Amino acid sequence: MSSPAEPLLSVRDLHTSFPIHSALLRRKVGEVHAVSGVSFDLPAGRTLGLVGESGSGKTTLARTVIGLERPRSGQVLFDGRDLVTLSGRRRGAKAAELRRIRRQIQMIFQDPYASLNPRLTVRQIISEAWMINPGVVPRHRWTAEVNDLLARVGLNPDHADRYPHQFSGGQRQRIGIARALALRPRLVICDEAVSALDVSVQAQVLNLLVDLQADLGLSYLFIAHDLSVVRHISNQVAVMYLGKLVETGTTDQIFTAPVHPYTQALLSAVPVTRPWAAPPRQQIILTGDIPSPVSPPSGCRFRTRCWKAQPRCASEEPVLAHRLGDHPSACHFPELPAQPQPAAVGAR
Amino acid sequence: MDHPLLSVQDLTVQFRTRAGTITAVDRVSFDLAEGETLAILGETGSGKSVTAQAVMGLVPRPAGQVTGGRIIYDGTDLLTRPPSEARRLNGTELAMVFQDPLSSLNPVLRVGAQIGELFRRRRGASRAEARRKAIELMDRVGIPAAARRVDDYPHQFSGGMRQRVMIAMALALQPRLLIADEPTTALDVTVQAQIMALLADLKAEHRMAMILISHDLGVVAGVADRAMLMYAGRVVETGELREVYETTAHPYTRGLMASIPELDGPRERLQPIPGAPPDLMRLPSGCPFRPRCAYATDICASQPPTLAAVPTRPDSHRAACHHAEEVLADVVAG
């Protein structure tokens, strides 16, 4: 991915795995390789869309970036400093530096019902972050700051002393966004942040995210399974399959000229609202499901579902590199789509 | 329609809650012909799922109750039949597939036994015969290595495969009407495409009538013949799917269309519908969509609109809006 400036977030060869313990002997019997060697850059003020099926490792990747999971190896560079080597200490200069960086990375979760404490008022939910991170907003400014944040996300500041259950789903997601903004982050990770919302409300929240980015210069790591939503909001897109990135590029490159068979299959599976008016397209229906990340296939991980697989795909792993077109892909046999993919008309 | 397989007339379903009574389905009427597929579309609280539950006799009691209307299936009213008779119809004539297959399957019974049970109970099949039929059905719905997987438990299947098991069970006794309530909402887009292709195949193969319930206008577009949009328990627009999508005459339908980012559309700012889906406990007077509607005028507050013919296709396309012609003119003008 080309970056106009120094990337805000740079992930290098990240590996995150979870041990599998046998229930009986409490011994480690295997490992789930959720993220296996992922690298990408996210420039400041931009949005990187991360797509892939469930089980592809998107959420684990996000949780590792924000520090909720500890990687086995690799680097998470935020503003040039590696969060992985800084973490693991509770006291001292490194721990303080880590806290200062960490608060610049915030997350918006999928479920606006489960991610807000039902016993706290909206005001308490938002100002809790300032209690934990003293020095960001002085206490005498809290009331005014909560009001500002609520107004910014399109909620009535007069409702700050209400509880989450008094709000609709879309309003609750706005509260989650206000909470994420409270510490003045530079990077916001949106993990399926609009997936649970009704279509009409989803569009409102997407517009809000776009506006906030323009006003505050935020960067988004935007995880979603809905490719139309990802295309709408992202500048760059990374396609993930079974713990690895298989194709990365600008939104136009990925959506108009995908060369990896998995990307092509994903795009062709997206339902079109007006099939009669859409350009003719070849629908690729993948058979089967994503394999288990405990014992991924040898060579190319996608080969077990790929219609183009050759013996070479089982023996040699394709690395993510420039192969065809202007962007990197991880396939031994990259090809431009046979029929024109739905074209990206105009850019946002 | 000469002889509709299913004719729902003025169906009203109410729920009693501690805070008061809500009308989840408000005088809904529609017909469905043999072999036809109807998409019922709408957001949270629109009444689309409750409509389906009413047809299947599954409205949760005692809170929920069908308080009015008729559901005529193949000439007889399902609402006045004794429960035993209704039970006989479920499975043999009518079948339903739910959104969440894991909570609809028995976790401690092998999948083959759950499918086979239908043949044992309803058709008096022997154990061996039921098993053979279960394998046959699993194979038909695209479960690989069906002969081996017939002895697996539900948790050993992926979400997509579980949904196939549910479809196999629904199809077992060859129903004439299949209702699928958000059948692909919990699934990945790749698996969603597989399931929708399977439903389209089955529809063609068996001339089965289908009701597809969804919040996603795109998912049903390739399969459904007709679309019916619901809002606050009422039908707001109905007609041939393509007519409804292309010559939209209700502001809610138009708003939904403008809210969807499309894979092949321009990447412009979305035009969301302002506000939130309605609170059924506090519906406004007149048209329930009025507080969110850019077309609303005084008449919308005083008179609830009724379904009326849309001039471009008066025989089949109807919308419940006082300003339908203005909406249509704007839609046609782009």
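Every chain is numbered independently, its residues counted from 1 as its sequence is written. To label them, take the chains in the order written and letter them from A, then take the ligands in the order written and number them from 1. The model is predicted, so local features are restricted to residues of pLDDT at least 70 and side-chain atom pairs to those at 80 or more, both for listing and for counting; the totals for chains, interfaces and linings are taken over all residues. Hydrogens and water molecules were not included; the side-chain quantities draw on all heavy atoms of the structure.

Visitor: What exactly am I supposed to notice about the overall build of chain A here?
Guide: By definition, any uninterrupted DSSP run of H or I lasting at least four residues is a helix, any uninterrupted run of E lasting at least two residues is a strand, and each is numbered from the N terminus. Within chain A, the regular secondary structure consists of 11 helices and 12 strands. Since a compact globule built from 348 residues should have a radius of gyration of about 20 Å, the 21 Å found for chain A is in line with a globular shape. Seen through its principal axes, chain A has C-alpha atoms that stretch 65 × 55 × 45 Å. Across the 348 residues in chain A, those meeting the buried criterion constitute 55%. We call two residues in contact when some of their heavy atoms are within 4.5 Å. Taking all contacts inside chain A whose residues are at least 6 apart in sequence as the whole, residues at least 24 apart take part in 65%. Averaged over its 40 positive side-chain charges, chain A has a centre that lies 6 Å from the centre of its 28 negative ones. The reference for a compact globule is 2.2 Å times residues^0.38; the radius of gyration itself is calculated from the C-alpha atoms. Remark: exposure states derive from per-residue accessible area (1.4 Å probe, protein chains only) relative to the maximum for the residue type, with buried under 20%, exposed over 50%, and partly exposed in between. Here the positive residues are Lys and Arg and the negative ones are Asp and Glu; neither His nor the chain ends is included. Taken as the charge centre is NZ of Lys, CZ of Arg, CG of Asp or CD of Glu, depending on the residue.

Visitor: Is there a simple way to explain the domain arrangement of chain B in this structure?
Guide: Often, the extent of an interface is quoted as the loss of accessible area upon association of its parts. All names here are of chain B. Residue ranges assigned to the domains are those given by an automatic or database domain assignment. According to the domain assignment, chain B contains domain 1 (6–224) and domain 2 (230–333). For domain 1 versus domain 2, the distance between C-alpha centres works out to 28 Å. Facing 24 residues of domain 1, the contacting portion of domain 2 comprises 16 residues. A combined buried area of about 1,600 Å² lies between domain 1 and domain 2, and 64% of that area is made up of carbon and sulfur atoms. Once two parts are put together, the accessible area they lose, assessed with a 1.4 Å probe and summed over both, is termed the buried area.

Visitor: Would you take a moment to explain the sheet that holds strand β4 (residues 73–78) of chain A for this structure?
Guide: Residue and element names in this part refer to chain A. Two strands pair under a simple rule: DSSP has to find at least two bridges between them. Pairing in this open sheet of four strands is antiparallel, and the strands run β2-β1-β4-β5 from one edge to the other. The sheet is open, and its two edges are formed by β2 (28–43) and β5 (81–82), each paired on a single side. In this sheet, β4 lies alongside strand β1 (residues 7–21) in antiparallel orientation, the contact comprising five bridges. Bridge pairing links Leu9 to Phe78 in β4. Comment: axis = line fitted to C-alpha atoms, over the contacting stretch for helices; angle = value between 0 and 180 degrees taken between N-to-C directions. Strands in contact with helix α1 (residues 58–66) are β1, β2 and β4; relative to β1, the strand with the most contacts, it is inclined by about 115 degrees.

Visitor: It is not clear to me how the pairing of strand β3 (residues 37–41) of chain B should be interpreted in this structure. Could you clarify?
Guide: Each regular strand displays side chains that alternate between the two surfaces of the sheet. Residue and element names in this part refer to chain B. The buried count for β3 comes to five of five residues, which makes it a mostly enclosed element. The two faces of β3 match: Thr37, Ala39 and Leu41 on one face and Leu38 and Ile40 on the other face are all buried. Relative to strand β8 (residues 209–214), β3 runs parallel, the two sharing five bridges. Residue pairing in the sheet places Leu38 in a bridge with Ile211 of β8. Direction of pairing for β3 relative to strand β9 (residues 226–231): parallel, over a ladder of four bridges. Considered in β9, the bridge of Ile40 is made with Met228.

Visitor: Would you take a moment to explain the nonpolar core for this structure?
Guide: Residues B:Leu6 and B:Leu177 are the most contacted members of the largest nonpolar core, which totals 99 residues. Top contributing element to this core by residue count: helix α7 (residues 159–171) of chain B, with seven residues. When residues of this core are assigned to domains, at least three fall in each of domain 1 (6–224) and domain 2 (230–333) of chain B. Every residue in contact with B:Leu177, bar those within four places of it in the chain, is listed here: B:Leu5, B:Leu6, B:Leu32, B:Val55, B:Tyr73, B:Glu93, B:Leu94, B:Ala95, B:Met208, B:Ala209, B:Met210 and B:Ile211. Counting 71 residues, the second largest nonpolar core, distinct from the first, contains A:Val122, A:Ala182, A:Leu209 and A:Cys300. As used in this record, nonpolar core signifies buried Ala, Val, Leu, Ile, Met, Phe, Trp, Tyr and Cys residues forming a set joined through side-chain atoms within 4.5 Å.

Visitor: Could you clarify how one ought to interpret the layout of surface pockets in this entry?
Guide: The method is simple in principle: a probe with the dimensions of a water molecule rolls over the atoms, and the space it marks as empty is what remains. Residue and element names in this part refer to chain B. By volume, the second largest pocket amounts to about 1,100 Å³. Sorting the residues of the lining of the second largest pocket by element identifies α1 (48–56), β4 (64–73), α2 (83–92), β6 (94–97), α4 (111–123) and α7 as the ones contributing at least two each. Looking at which element gives the most residues to the lining of the second largest pocket, the answer is α2, with six residues. Residues are grouped as follows: Ala, Val, Leu, Ile, Met, Phe, Trp, Tyr, Cys and Pro are nonpolar; Asp, Glu, Lys and Arg are charged; all remaining types, including Gly, are polar. Considering only residue class, the lining of the second largest pocket consists of 22 nonpolar, nine polar and six charged. As defined here, a cavity is a set of points on a 1 Å grid over the protein atoms alone where a 1.4 Å probe fits but cannot get out. A pocket is an open set with protein on both sides within 12 Å along at least five of seven lines, and residues line them when an atom is within 4 Å of a point. Grid points are joined across faces, edges and corners, and a volume is the space filled by probe spheres set on the points.

Visitor: Explain the interface of chain A and chain B here, please?
Guide: Each partner contributes residues to the interface: chain A has 50 residues there, and chain B has 43 residues. Note on chain A versus chain B: buried area summed over both sides is about 4,000 Å², and carbon and sulfur give 56% of it. For chain A, the biggest contributors to the area lost against chain B are A:Val199, A:Thr273 and A:Trp276; these three give 17% of the whole. Only one rule defines a salt bridge in this text: a Lys or Arg side-chain nitrogen within 4 Å of an Asp or Glu carboxyl oxygen. Between the two partners, chain A and chain B, sit four salt bridges. Those elements that place two or more of their residues in the side of chain A that touches chain B are α7 (199–216), α8 (227–233), α9 (251–256) and α10 (261–269) of chain A. By residue number, the principal contributor to the side of chain A that touches chain B is α7(A), which donates 10 residues. Here the side of chain A that touches chain B is composed, by residue class, of 25 nonpolar, 15 polar and 10 charged.

Visitor: Would you mind going over the pattern of salt bridges with me for this structure?
Guide: It is possible for side chains bearing opposite charge to pair when their charged atoms get close. Enumeration according to the criterion identifies 38 salt bridges over all chains in this entry. In this structure, A:Asp41 engages A:Arg12 in a salt bridge whose closest nitrogen and oxygen atoms are separated by 2.7 Å. Within this pair, whereas A:Asp41 is found in strand β2, its partner A:Arg12 is found in strand β1, the two being separated by 29 residues in sequence. Residue classification places A:Asp41 among the buried positions, given a relative accessible area of 15%. Here B:Arg267 and A:Asp252 are joined by a salt bridge, their closest N and O atoms 3.6 Å apart. Taken as a pair, B:Arg267 in the loop between α11 (251–259) and α12 (298–302) and A:Asp252 in helix α9 lie in two separate chains rather than in one. The class for B:Arg267 is buried, based on a relative accessible area of 9%. Among the residues examined, A:Asp252 registers a relative accessible area of 32% and is labelled partly exposed. Each of B:Glu34, B:Asp74, B:Glu93 and B:Arg176 takes part in one network of salt bridges that share partners.

Visitor: Sorry, what's going on with the packing of helix α4 (residues 122–132) of chain A against helix α5 (residues 142–152) of chain A here?
Guide: The relative placement of two packed helices comes down to the angle between their axes together with the axis-to-axis distance. Residue and element names in this part refer to chain A. Two numbers describe how α4 lies on α5: the axes approach to 10 Å, and their chain directions differ by 115 degrees. As for the relative orientation of α4 and α5, their crossing is right-handed in sense. Contacts between α4 and α5 involve Val122, Arg123, Ile126, Ser127, Trp130 and Met131 on the former and, on the latter, Trp142, Thr143, Glu145, Val146, Asn147, Leu149 and Leu150. Considering only residue class, the contact of α4 with α5 consists of eight nonpolar, three polar and two charged. Each crossing is labelled by how the near helix is turned from the far one, with a counterclockwise turn of less than a right angle marking it left-handed and a clockwise turn marking it right-handed.

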